[in-house]
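Examining the three-dimensional arrangement
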There are 2 protein chains.
Amino acid sequence: MRQALLDAAVEIVRRDGAGALTLRAVARAARVSHMAPYHHFADKAALVAAVAREGFRGLRREMEARIERCPDDPRARFRESGIAYVAFAVKHPNLFRVMFGPETADTDANPELQAEARGVFGLMQRLLKQSQAGYAIREDDARQIGLTAWSLVHGLAMLCIDGQFGPEATSPAGAERLAYAATGALFRGLRR
Amino acid sequence: MRQALLDAAVEIVRRDGAGALTLRAVARAARVSHMAPYHHFADKAALVAAVAREGFRGLRREMEARIERCPDDPRARFRESGIAYVAFAVKHPNLFRVMFGPETADTDANPELQAEARGVFGLMQRLLKQSQAGYAIREDDARQIGLTAWSLVHGLAMLCIDGQFGPEATSPAGAERLAYAATGALFRGLRR
DNA sequence: CTCCAATCTTGACAGCGTAAAGATGAGCGA
DNA sequence: TCGCTCATCTTTACGCTGTCAAGATTGGAG
């Protein structure tokens, strides 16, 4: 039952955005009374947090699937995880916005959600360290570089789904092209 | 009157976040009936867009003020504009979230807001071109580099105010330190 | 069989965005 | 001066929302 409600909530967010995510709409989709969800989620914020958690799990799954394409090149694995990050955002923009939306942000009271988010960053961090072990990346402060890389792909993802880069960036192909170029620039640096 | 309503709306967002932004609350703050705002804003989305526009103007003002610190170093000016971007987000997190929030994102029907956003990117783009003219940055596809830089500072700003970097990143000083490090990494590149 | 705890339902309330219609009042041609 | 017009503001009302309170159902432990 809880799973049915959660599935319905994710489906609503996917189709109509976070603004359409309503406890009553979820209850209707699950064909129960408008108060039934309260026996599985404390309040609306808890439901939103559960949706976000589902999103983080999906993001992590797609990142892990993608880096399996190149098991032997640590540097490419690190880079591809970032590409997958942007691709996920463009493929599931509404879900991505919920994952980093204001309803979710102040939920410091939700350690499970925070753990899931840290898991994504942890994956990138692990890939970065493996890249450094392969001597393909300078061994500067690993955390600082990880933060920089995360910021780059996160900002790219956000601006893509906000349409700030134009409509061509909202397609997976266009977004991935941008992500390849941006991560390449980060690897190389901007100097001549 | 319209300005009074808008000021009240900005104040509410600043203090209590976008969730507290309500047509009726704005009307109460301006001591008018709950329907008076409709004679100045078509609907709630228009009010939110106006608040976001105000935010973009403030962001641009802070960026322009900051780059005046170093009028002679084009490369530093470009970099400082990015630092100011992150600093603004941390200083006005609720406003920043409205500027890039979902209510604002789908408002492609609001060309004024879009123009204001493009103005911010245009400023960064201009500073980048001036950096290139000074031969301190390689003259690759300027738009691509601009997009990369914008993504980096935007993602850094978002993750800072989401608390993903921990509490120390939510202070202006901490966020600026992160922004210096991240932009430095982008300039230098990550290779050894 | 009984009882209890978990689960679900019904009903109510205030707050929200917004539609419809009435009130107010300043500006202006006669 | 009168009376019209139009922009502005108010009042009232509707359906939607999240949530509280209280009753109904039901399946398993004693």
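Quick caveat: nothing in here was measured; it's all calculated off a predicted structure.

Moving on: the overall build of chain A. When helices and strands are counted, chain A shows nine helices and zero strands. When the helices and strands of chain A are placed in sequence order, the string is α-α-α-α-α-α-α-α-α. Counting only C-alpha atoms, chain A reaches 60 × 35 × 30 Å along its principal axes. The burial tally for chain A puts 55% of its 192 residues in the buried class.

The environment of DNA strand D is formed by 17 residues, the closest being A:R24, A:Y38, B:S33, B:H39 and B:H40. In the interface set of DNA strand D, defined as its atoms within 4 Å of the protein, sugar plus phosphate atoms amount to 44%. The separation between a phosphate oxygen of DNA strand D and a polar side-chain atom of A:Y38 is 2.8 Å.

Attention now moves to the packing of aromatic side chains. All names here are of chain B. The tally for this structure, following the rule as stated, stands at 12 aromatic pairs over all chains. Each ring, one from F56 and one from F100, has its centre 5.4 Å from the other, and the planes form 75°; the classification is edge-to-face. With F56 in helix α3 (residues 44-67) and F100 in the loop between α5 (93-99) and α6 (102-105), this residue pair connects regions lying 44 residues apart in the sequence. Like F100, F56 is buried.

Attention shifts here to helix α4 (residues 74-91) of chain A. In this model α4(A) runs 25 Å from its N-terminal to its C-terminal C-alpha over 18 residues, within 8% of the 26 Å that 1.5 Å per residue would give. Here α4(A) lies mainly inside the structure; 13 of its 18 residues are buried.

DNA strand C sits among 18 residues. The nearest are A:S33, A:H39, A:H40, B:R24 and B:Y38. In the interface set of DNA strand C, defined as its atoms within 4 Å of the protein, sugar plus phosphate atoms amount to 45%. Take A:S33: an N or O atom from its main chain is 2.5 Å from a phosphate oxygen of DNA strand C. For DNA strand C, a phosphate oxygen lies 2.6 Å from a polar atom in the side chain of A:H40. In terms of residue count, the dominant contributor to the surface near DNA strand C is helix α2 (residues 23-29) of chain B (three residues). Across the surface near DNA strand C, the residue classes tally to seven nonpolar, six polar and five charged.

Let's shift gears to the domain arrangement of chain A. Residues and elements named next belong to chain A. Each domain of chain A was delimited in the assignment, giving domain 1 (1-41) and domain 2 (52-188). Computed from C-alpha atoms alone, the centre-to-centre distance between domain 1 and domain 2 is 28 Å. With nine residues of domain 1 at the contact, the number on the domain 2 side is six residues. Between domain 1 and domain 2, a total of about 570 Å² is buried, with carbon and sulfur atoms accounting for 65% of that surface. Applying the counting criterion to the domain 1 and domain 2 interface returns zero salt bridges. Inspection of the domain 1/domain 2 interface yields three residue pairs in polar contact (both at pLDDT 80 or more). Of the residues that constitute the side of domain 1 that touches domain 2, the class distribution is four nonpolar, two polar and three charged.

Rules and cut-offs
Residues numbered from 1 in each chain as written. Chains lettered and ligands numbered in written order. Predicted model: local features only at pLDDT ≥ 70, side-chain atom pairs only at ≥ 80, totals over all residues. Heavy atoms only, no water. Helix = DSSP H or I, 4+ residues; strand = E, 2+ residues; numbered from the N terminus. Buried < 20%, exposed > 50% of the residue type's maximum accessible area, 1.4 Å probe, protein only. Near = heavy atom within 4 Å. Polar contact = N/O pair within 3.5 Å; in protein donor to acceptor, adjacent residues only side chain to side chain. Phe/Tyr/Trp six-rings, centres within 6.5 Å; stacked < 30°, edge-to-face > 60°. Expected span 1.5 Å × (residues − 1). Nonpolar A, V, L, I, M, F, W, Y, C, P; charged D, E, K, R; others polar. Domains from an automatic or database assignment. Contact = heavy atoms within 4.5 Å. Buried area = accessible area lost by both parts, 1.4 Å probe. Salt bridge = Lys/Arg side-chain N within 4 Å of Asp/Glu carboxyl O.

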